[in-house]
Amino acid sequence: MERIVVVGASLAGVRAVQALRTAGFTGELTLIGAERHSPYNRPPLSKSVLRGDDDVTLPGAAELDEKWLLGRAAMRLDTIARVVTVDDGSEVRYDGLVIATGARPRRLADHPAGVHTLRTLDDALALRAALSEGQRRIVVIGGGFVGGEVTSTARSLGHEVTLVDGAAHPMVTALGTQTAQWLGDLHRHNGVNLISGVRVTGFDGTARVTGVRLGDGRVIPADLVVAGMGVVPNTDWLDGSGLTVADGVVCESTLHARGAADIVAAGDVARWPHQLYGNTLVRVEHWANANDQGRVAALNLLAGPDDATPFADVPSFATNAHGARIQIAGLPHLAEESRLVTGAVEDHQFTVGFTRNGVLVGVVAVNSPRDFVRLKRGVAARSAGL
Ligand SMILES: Cc1cc2nc3c(=O)[nH]c(=O)nc-3n(C[C@H](O)[C@H](O)[C@H](O)COP(=O)(O)OP(=O)(O)OC[C@H]3O[C@@H](n4cnc5c(N)ncnc54)[C@H](O)[C@@H]3O)c2cc1C
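Per an unreviewed UniProt entry, the protein chain is named 3-phenylpropionate/trans-cinnamate dioxygenase ferredoxin reductase subunit, and its organism is Micromonospora eburnea. Under the Cofactor (unreviewed entry) heading, UniProt states for the protein chain: "FAD".

Next up, the structure:
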């Protein structure tokens, strides 16, 4: 391979480039990134950045000395001619391609002014400016990790926050019922008006949002709305490429795009069969996954499909809520059973193990970092006992 193109200049893309250079690839490397910023780190966007801290450094990004096409989006992929067409009409040829285009927030049909989403640095700066305009009535839609963190940060800044979540308890799919119930209570104890089990149907206000309409007929008054309704993978530019796209780029276990020896995908956009879970196709939207997959995908691109290594790391993730640290490893939603392993829910310090056919498939830990490390090892080892 003489020319490798990486599309998506964020965590997975940067880690791919670093791995290629470290592995001795001396050919031409081009990074195409739709954002105008140099690569940065997203987790602070819902936490410290909203509180006024500007540090979003992504370690390793500044040292890269590659050909950057920043502020340029890939529009089309021709897998036969091996060409990526960019939004200025230029064509970039490749021998090997890394797809690392991540995901973007899901939106309702129309978003009047005052309705924010949070994915990019520009989104975070706009939200921060809105939060600094004085005390606001904020409605956060969606109790997932971004919605939950924005809720927690906004409360710590003294805003009035209503959190509307479609599920019975926030993050119930990721955390299981017991921990999700605890999280709901934690939000309430911290002054959040939590409305569960109701969907948002639209917004009031034409020039600016004035309220959020709920499926049960209620309207919640709002000066500011943050829509945290999950993400969709950025795969539009792959339409017509012949690659298999179904909720992400469908890959082999080695992260090669299905049927393509010269294309790999990594990070939030990749969906691959996970060997720890009976080759169930999974897509993981977390930092550690993009960080590790970027590297492995790039090395597998160089190695070729026959000599490539399957990616089977245990997914893991952490989030903060009102000062509590919640860590998740594995895929708790695949479990048939769960039980408390250590601690007590009422002490805000506990771990829960999740099993399927007697095998540990996931673990959730609240304020229990040491127990989390031990139990995560059990998930990796497909441990039978807790
Ligand atoms: C607010 C927030 C907080 C988070 N907090 C945590 C956390 O605490 N812990 C955790 O584990 N994870 C967290 N995450 C998730 C984590 O940041 C993501 O999993 C990670 O950024 C995924 O990296 P990626 O490189 O796959 O994709 P992304 O970071 O989404 O990057 C993809 C890049 O590709 C670009 N792109 C898209 N389409 C094109 C195109 N056609 N052409 C060129 N470029 C394109 C995009 O503009 C983007 O820059 C958080 C995410 C957000 C948004």
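(A) Quick peek at the overall build of the protein chain. Looking only at helices and strands, one finds 7 helices and 26 strands in the protein chain. The C-alpha radius of gyration of the protein chain comes to 21 Å, within 12% of the 21 Å expected for a compact globule of 386 residues. Along the first, second and third principal axes, the C-alpha atoms of the protein chain reach 60 × 55 × 35 Å. Looking at the protein chain as a whole, 54% of its 386 residues qualify as buried. By sequence separation, contacts in the protein chain at least 24 residues apart represent 59% of the contacts at least 6 residues apart. Carbon and sulfur atoms provide 47% of the accessible area of the protein chain, an area that totals close to 16,300 Å².

(B) Main features of the site of the ligand. The local shell around the ligand holds 36 residues, among which S10, E35, R42, K47 and R119 are the closest. Here an oxygen atom of the ligand and a side-chain polar atom of R119 are 2.6 Å apart. Taking A318, its main chain carries an N or O atom lying 3.5 Å from an oxygen atom of the ligand. Isolated, the ligand exposes 1,000 Å² of accessible area, and the fraction of that covered by the protein chains is 93%. Here the shell around the ligand gets 3 residues from one element, more than from any other, and that element is helix α3 (residues 145-156). The residue makeup of the shell around the ligand, split by class, is 19 nonpolar, 9 polar and 8 charged. Summarising the domain contributions, the shell around the ligand has at least three residues from each of domain 1 (3-104 + 231-307) and domain 2 (107-227).

(C) Looking closely at helix α5 (residues 177-189). Here α5 spans 18 Å end to end across 13 residues, near enough to the 18 Å set by a 1.5 Å rise per residue. Buried within α5 we find T179, A180, W182, L183, G184, L186 and H187. Just beyond α5, the residue with positive phi is G191, at close to 85°.

(D) Region of the structure containing the UniProt feature "domain: Reductase C-terminal" (unreviewed entry) in the protein chain. As recorded in UniProt, the sites labelled "domain: Reductase C-terminal" (unreviewed entry) are residues 319-382. In the segment residues 319-382, helix accounts for 19% and strand for 53%; the C-alpha atoms at its two ends are 24 Å apart.

(E) Focus on the sheet that holds strand β20 (residues 270-274). Taking strand neighbours across the sheet as the criterion, the 3 strands line up as β18-β20-β21 in an open arrangement whose pairing is mixed. Two strands close off the open sheet at either side, each with one partner strand: β18 (249-250) and β21 (280-282). Pairing geometry for β18 and β20, over 2 bridges, is parallel. Within β20, the position partnered with V250 by the bridge is R271.

(F) Geometry of the UniProt feature "domain: FAD/NAD(P)-binding" (unreviewed entry) in the protein chain. When the UniProt feature table is mapped onto this chain, "domain: FAD/NAD(P)-binding" (unreviewed entry) is found at residues 3-294. Taken as a whole, residues 3-294 contains 21% helix and 28% strand, while its terminal C-alpha atoms sit 17 Å from one another.

(G) Layout of the pairing of strand β1 (residues 3-7). Extensive coverage of β1 is indicated by the burial of 4 of its 5 residues. Pairing of β1 with strand β2 (residues 28-33) involves 5 bridges; the strand directions are parallel. Looking across to β2, one finds that I4 is bridged to L29. In this fold, β1 hands off to helix α1 (residues 11-22), which returns the chain to β2; that crossover is right-handed. Two elements, β1 and strand β7 (residues 96-99), share 4 bridges in a ladder whose sense is parallel.

(H) The arrangement of unusual backbone geometry in detail. For R82, which is not glycine, the phi torsion reads 55° and is therefore positive. By relative accessible area, R82 is classed as partly exposed at 33%. With a phi close to 50°, D247 is a non-glycine residue in the positive phi region. Considering the arrangement of structural elements, one finds D247 in the loop between β17 (231-233) and β18.

Reading guide: rules and limits
Residues numbered from 1 in each chain as written. Predicted model: local features only at pLDDT ≥ 70, side-chain atom pairs only at ≥ 80, totals over all residues. Heavy atoms only, no water. UniProt positions renumbered as here; feature names shortened; annotations may be inferred. Helix = DSSP H or I, 4+ residues; strand = E, 2+ residues; numbered from the N terminus. Rg over C-alpha atoms; globule rule 2.2 N^0.38 Å. Buried < 20%, exposed > 50% of the residue type's maximum accessible area, 1.4 Å probe, protein only. Contact = heavy atoms within 4.5 Å. Areas by Shrake-Rupley, 256 points an atom, 1.4 Å probe, with all protein chains shown as cover. Near = heavy atom within 4 Å. Polar contact = N/O pair within 3.5 Å; in protein donor to acceptor, adjacent residues only side chain to side chain. Nonpolar A, V, L, I, M, F, W, Y, C, P; charged D, E, K, R; others polar. Domains from an automatic or database assignment. Expected span 1.5 Å × (residues − 1). Pairing = 2+ DSSP bridges. Right-handed = clockwise from strand over helix to strand, strands pointing away.

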